[in-house]
Amino acid sequence: MLLEGFGTILWLLNLAMLVLAVVALGFAAFAREDAYRAAGKQSKMLWLILLGVTVAVNLIIPMLFLQIAGLIATIVFLVDVRPALQQVSGGGRRGGSSSDGPYGPYNGGR
């Protein structure tokens, strides 16, 4: 009984790592090549290879050590590289100021 629950948890973790890697690979594929250079990050080809190998490892060779290494690469891309690419490409917030809330600018209760 306990082993069945553990197997389910491992399966869900594998699925979550695969989905995260596929999403990161999609973001890496659709970013412009010159944005990587402008952001001072590694080349687009390197990130596509790293994330593609991560997806392949999660699908074909589910070895925990390789999956953890791929998860680290995925997290680095999503937390460090992607925001830098968005900033260089002008993605994310369009205009406005840092005091803008979800319904417009904050005016301090005036």
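The rules behind these values
- As a convention, each chain's residues are numbered from 1 in the sequence order in which they are written.
- Local features in this predicted model are restricted to residues of pLDDT 70 or higher, and side-chain atom pairs are both shown and tallied only at a pLDDT of 80 or more, whereas totals for entire chains, interfaces and linings draw on every residue.
- Hydrogens and waters are ignored; side-chain quantities use all the structure's heavy atoms.
- Numbering of helices and strands runs from the N terminus; a helix is a DSSP stretch of H or I covering at least four residues, while a strand is a stretch of E covering at least two.
- When a residue's accessible area, from a 1.4 Å probe over protein chains only, is under 20% of the maximum for its type it is buried; when over 50% it is exposed; and in between it is partly exposed.
- Residue contacts follow a heavy-atom distance rule, with two residues in contact if any of their heavy atoms lie within 4.5 Å.
- Expected helix span is taken as 1.5 Å per residue step, with the number of steps being one fewer than the number of residues.
- At every residue, the bend is computed as the angle between two fitted axes, covering the seven residues ending there and the seven beginning there respectively.
- Here, nonpolar core refers to any group of buried Ala, Val, Leu, Ile, Met, Phe, Trp, Tyr and Cys residues whose side-chain atoms link them within 4.5 Å.
- Criterion for a salt bridge: a side-chain nitrogen of Lys or Arg within 4 Å of a carboxyl oxygen of Asp or Glu.
- UniProt positions are given in the numbering used here, feature names are shortened, and annotations may be inferred rather than shown by experiment.
- This arc describes the spread of directions from the helix axis toward the C-beta atoms.

Regarding the side chain of Gln67
- In this fold, Gln67 is placed in helix H4 (residues 64-89).
- Residue class for Gln67 comes out buried when judged on its relative accessible area of 3%.
- Those residues in contact with Gln67 that lie beyond four places of it in its chain are Asn14, Met17, Val57, Asn58 and Pro62.

Some words on H4
- Compared with an ideal rise of 1.5 Å per residue, which puts 26 residues at 38 Å, H4 spans 35 Å between its outermost C-alpha atoms and is within 8% of the ideal.
- A bend of about 35 degrees at Phe77 is the largest found in H4.
- Regarding H4, the residues found buried are Gln67, Gly70, Ala73, Thr74, Phe77, Val81, Ala84 and Leu85.
- Backbone geometry just after H4 places Gly90 at a positive phi near 80 degrees.

Observations regarding the nonpolar core
- Ranked by size, the top nonpolar core spans 10 residues in total: Ala24, Ala28, Ala31, Ala35, Tyr36, Trp47, Leu51, Phe77, Val81 and Leu85.
- At the level of secondary structure, the elements contributing two or more residues to this core comprise helix H1 (2-30), helix H2 (33-39), helix H3 (44-60) and H4.

A word on the environment of Ala31
- As for its placement among the helices and strands, Ala31 is situated in the loop between H1 and H2.
- For the pair Ala31 and Ser89, spaced 58 residues apart in the sequence, the C-alpha separation amounts to 8.6 Å.
- Beyond its immediate stretch of four places on either side in the chain, Ala31 contacts Tyr36, Lys44 and Leu85.

Some remarks on the pattern of salt bridges
- All chains considered together, the criterion is met by 3 salt bridges.
- Across the pair Glu33 and Arg37 runs a salt bridge whose closest N-O atoms are separated by 3.6 Å. Taken together, the positions of Glu33 and Arg37, both in helix H2 and 4 residues apart, correspond to about one turn of that helix.
- What makes Glu33 partly exposed here is its relative accessible area of 34%.

Let's talk about the UniProt feature "transmembrane region" (unreviewed entry) in the chain
- Residues given the UniProt feature "transmembrane region" (unreviewed entry) here are residues 6-30 and 46-79.
- Within the segment residues 6-30, helix and strand shares are 100% and 0% respectively, and the terminal C-alpha atoms sit 36 Å apart.

Thoughts on H3
- Spanning 17 residues, H3 covers 24 Å between terminal C-alpha atoms, matching the ideal 24 Å at 1.5 Å per step.
- Listing the buried residues of H3 in full gives Lys44, Trp47, Leu51, Thr54, Val55, Val57 and Asn58. Buried residues in H3, looked at end-on, bunch into an arc of 170 degrees, giving them a common side. Residues Met45, Leu59 and Ile60 are exposed on H3 and point more than 90 degrees away from its buried face.

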